[in-house]
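Topology and contacts: notes
Chain residues, written in single-letter form:
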Amino acid sequence: MDSDAFMQLGEVLSEHPCVLESMRQMDIPTTIMVGQEDYPFLDAADQMADTMPNSHLVVIDDAGHCPQYENSELWRETVTDHLARFSM
């Protein structure tokens, strides 16, 4: 990623208003995944799971910010489980 674009993205994201309260209105099946070692996002994942109705939190062991690469087997299993539970 271009370093200037990355820096600008960080600035924009830090200025964006919190959307946590609006997540209370989201009544859709949601699986929230976070890597066990993704420390900046662990609290946010907990807050989302506590706020969103019909949500399920999965913490991916042995993974940081990219669990789809760092523990791809558990990541795929989590996606497959979500789809199996909520497929119509």
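Our subject is the structure that appears above.
Residues numbered from 1 in each chain as written. Predicted model: local features only at pLDDT ≥ 70, side-chain atom pairs only at ≥ 80, totals over all residues. Heavy atoms only, no water.

Right, let's talk about the overall build of the chain for a bit. Summing up its helical and strand segments, the chain has 4 helices and 2 strands in all. When the helices and strands of the chain are listed from N to C terminus, the series reads α-β-α-β-α-α. Relative to its 88 residues, the chain shows a buried fraction of 22%. Accessible surface for the chain amounts to roughly 6,600 Å². Of this, 56% is attributable to carbon and sulfur atoms. (Helix = DSSP H or I, 4+ residues; strand = E, 2+ residues; numbered from the N terminus. Buried < 20%, exposed > 50% of the residue type's maximum accessible area, 1.4 Å probe, protein only. Areas by Shrake-Rupley, 256 points an atom, 1.4 Å probe, with all protein chains shown as cover.)

Counting buried positions over the 6 residues of strand β1 (residues 30-35) gives 5, a clear majority of the element. Assessed by its sense of winding, the connection that carries the chain from β1 through helix α2 (residues 39-51) to strand β2 (residues 55-60) is right-handed. (Right-handed = clockwise from strand over helix to strand, strands pointing away.)

To continue, consider the pairing of β2. Inspection of the sheet shows β1 paired to β2 by 6 bridges, in the parallel sense. Looking at the pairing, T31 lines up with H56 of β2. (Pairing = 2+ DSSP bridges.)

With that out of the way, let us pick up the nonpolar core. One finds M23, I32, V34, A45, A49 and M52 forming the largest nonpolar core, which totals 6 residues. Broken down by secondary-structure element, the contributors of at least two residues to this core are β1 and α2. (Core = buried A, V, L, I, M, F, W, Y, C linked by side-chain atoms within 4.5 Å.)

Let us look at a nonpolar patch on the surface. Among the surface-exposed residues, M1, F6, M7, L9 and L13 lie close enough to one another that they form a single nonpolar patch of about 610 Å² accessible area. Within the element layout of this structure, M7 appears in helix α1 (residues 3-15). (Patch = residues over 30% accessible without salt bridge, like charges linked within 9 Å, V, L, I, M, F, W, Y side chains within 5 Å. Salt bridge = Lys/Arg side-chain N within 4 Å of Asp/Glu carboxyl O.)

With that settled, consider a negative patch on the surface. A cluster of like negative charges, contributed by E37, D61, D62 and E70, occupies part of the molecular surface. Here E37 lies in the loop between β1 and α2. (Lys, Arg positive; Asp, Glu negative; His and termini not counted. Charge placed at Lys NZ, Arg CZ, Asp CG, Glu CD.)

Moving on, we get to the environment of M52. When you line up the elements, M52 lands in the loop between α2 and β2. Along the chain, M52 and I28 lie 24 residues apart, while their C-alpha atoms are 8.8 Å from each other.

One non-glycine residue, N54, lies in positive phi territory at about 65 degrees. Phi is positive for D62, which is not a glycine, with a value near 55 degrees.

Looking at where V79 falls in the secondary structure, it is placed in helix α4 (residues 72-86). Considered as a pair, V79 and M33 are 46 residues apart in the sequence and their alpha carbons are 9.2 Å apart.

Locating T31 in the fold gives a position in strand β1. Overall, T31 belongs to the buried group, its relative accessible area being 17%. A distance of 3.3 Å separates polar atoms of two side chains, one belonging to T31 and the other to R85. If near-sequence neighbours (up to four positions away) are discounted, T31 is found in contact with H56, V58, T78, H82, R85 and F86. (Polar contact = N/O pair within 3.5 Å; in protein donor to acceptor, adjacent residues only side chain to side chain. Contact = heavy atoms within 4.5 Å.)

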